[in-house]
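Architecture at a glance
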Amino acid sequence: QVQLVESGGGLVQAGGSLRLSCAASGRTFSNYAMGWFRQAPVKELEFVAAISRGGGTTDYADSVKGRFTIFRNNAKNTVYLQMNSLKPEDTAVYHCAATQGASIGRVYNMAREYEYWGQGTQVTVYS
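In what follows, the accompanying structure is described. Small disclaimer: the values here were computed from a predicted structure and weren't measured. (Residues numbered from 1 in each chain as written. Predicted model: local features only at pLDDT ≥ 70, side-chain atom pairs only at ≥ 80, totals over all residues. Heavy atoms only, no water.)

1. A word on the sheet that holds strand β1 (residues 3-7)
For clarity, the cut-off: Strands are treated as partners if at least two bridges between them are detected by DSSP. Think of it this way: any DSSP run of H or I at least four residues long counts as a helix, any run of E at least two long counts as a strand, and we number them from the N terminus. An axis is simply a line fitted to the C-alpha atoms; with a helix, the fit covers only the stretch in contact. Between two such axes, the angle follows the N-to-C directions and lies from 0 to 180 degrees.
Strand order in the open sheet formed by 4 strands is β1-β3-β8-β7, and the pairing between neighbours is antiparallel. For this open sheet the edge positions go to β1 and β7 (68-73), each flanked by a neighbour on one side alone. Averaged over all neighbouring strand pairs, the angle between strand axes comes to 15°, with direction disregarded. Pairing geometry for β1 and strand β3 (residues 18-25), over 5 bridges, is antiparallel. If you follow Glu 6 over to β3, its bridge partner there is Cys 22.

2. Description of the packing of aromatic side chains
Note the threshold: The pairing test for Phe, Tyr and Trp rings, Trp by its six-membered ring, is centres within 6.5 Å, and the orientation test on the planes gives stacked under 30 degrees, edge-to-face over 60, and tilted for anything in between. Between buried and exposed lies partly exposed: a residue is buried under 20% and exposed over 50% of the maximum accessible area for its type, with that area taken using a 1.4 Å probe on protein chains only. Whether a charge sits over a ring depends on NZ of Lys or CZ of Arg being within 6 Å of the ring centre and within 35 degrees of the ring normal.
Overall, the coordinates contain 7 aromatic pairs when judged by the stated rule. Seen from their ring centres, Tyr 32 and Tyr 116 are 6.2 Å apart, and the 70° between their planes marks the pair as edge-to-face. A residue pair is termed long-range when its members are at least 10 positions apart, and Tyr 32 in strand β4 (residues 32-39) and Tyr 116 in strand β10 (residues 116-117) qualify at 84 residues. Both residues of the pair, Tyr 32 and Tyr 116, count as buried. Their ring planes at 65° and their centres at 6.1 Å tell us that Tyr 114 and Trp 117 sit as a pair that is edge-to-face. For Tyr 114, a relative accessible area of 6% gives the class buried. Note on Trp 117: relative accessible area 31%, which makes it partly exposed. Members of the aromatic cluster, connected to one another through ring pairs, are Phe 37, Phe 47, Tyr 108, Tyr 114 and Trp 117. Taking NZ or CZ as reference, Arg 72 lies 4.4 Å from the ring centre of Phe 29, over its face.

3. Section: the pairing of strand β5 (residues 46-51)
Burial of β5 is extensive: 5 of the 6 residues sit out of reach of the surface. Looking at chain direction, β4 and β5 are connected through 5 bridges and run antiparallel. Residue pairing across strands places Phe 37 opposite Phe 47, the latter belonging to β5. Between β4 and β5, which pair antiparallel one after the other, the connecting turn spans 6 residues, and Val 42 there sits at a positive phi close to 60°. Sheet topology places β5 next to strand β6 (residues 58-60); 3 bridges connect them, and they run antiparallel. When the sheet's bridge partners are listed, Ile 51 is paired in β6 with Thr 58. Two successive antiparallel strands, β5 and β6, enclose a turn made up of 6 residues, where Gly 55 displays a positive phi of approximately 90°.

4. Looking at the environment of Val 93
The test is simple: Here a residue-residue contact requires only that any non-hydrogen atoms of the pair lie within 4.5 Å.
Inspection of the secondary structure assignment puts Val 93 in strand β9 (residues 92-100). Each C-alpha atom of the pair Val 93 and Gly 35 lies 14 Å from the other, and the pair is 58 residues apart in sequence. Residues within four places of Val 93 in sequence aside, it is in contact with Phe 37, Arg 38, Gln 39, Gln 119, Gly 120, Thr 121 and Gln 122.

5. Thoughts on the pattern of salt bridges
Note the cut-off: What makes a salt bridge here is a side-chain nitrogen of Lys or Arg within 4 Å of a carboxyl oxygen of Asp or Glu, nothing more.
According to the stated counting rule, one finds 5 salt bridges in the structure shown. Between Glu 46 and Arg 38 there is a salt bridge, with its nearest N and O atoms 2.8 Å apart. The class of Arg 38 is buried, set by a relative accessible area of 5%. Its salt-bridge partner being Lys 65, residue Asp 62 comes within 3.2 Å of it at the nearest N-O pair. A relative accessible area of 65% means that Asp 62 is categorised as exposed. Relative accessible area serves as the criterion here: at 48%, Lys 65 is assigned to the partly exposed category. A single network of salt bridges, built from pairs that share partners, joins Arg 38, Glu 46, Arg 67 and Asp 90.

This is the structure in structure tokens:
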């Protein structure tokens, strides 16, 4: 079992920044590829960003490329999502997820590929 706890959400004006954190516990963090997903009201869960076990490979949704950065600190068992130039359409509950990746360099961008999920943190961007 892996437990995931997100933090760092909040209310921010359009154009501002937030950094989300996801702290993992329970198993060896470096064995898990990580991802961030988001869900806005009345919308489906949407892929945001993913990072490989070793941190050397990342992937982003087109809607956040150039604005969001995913990175991890395996020594601190934490994955981060730095969000810059936020837009009202980024408003959603953001969830981190973990999957025991077979390859150290692989990333996963589909929700069904992830085994463990956090409860989420709310991000609200106002114009």
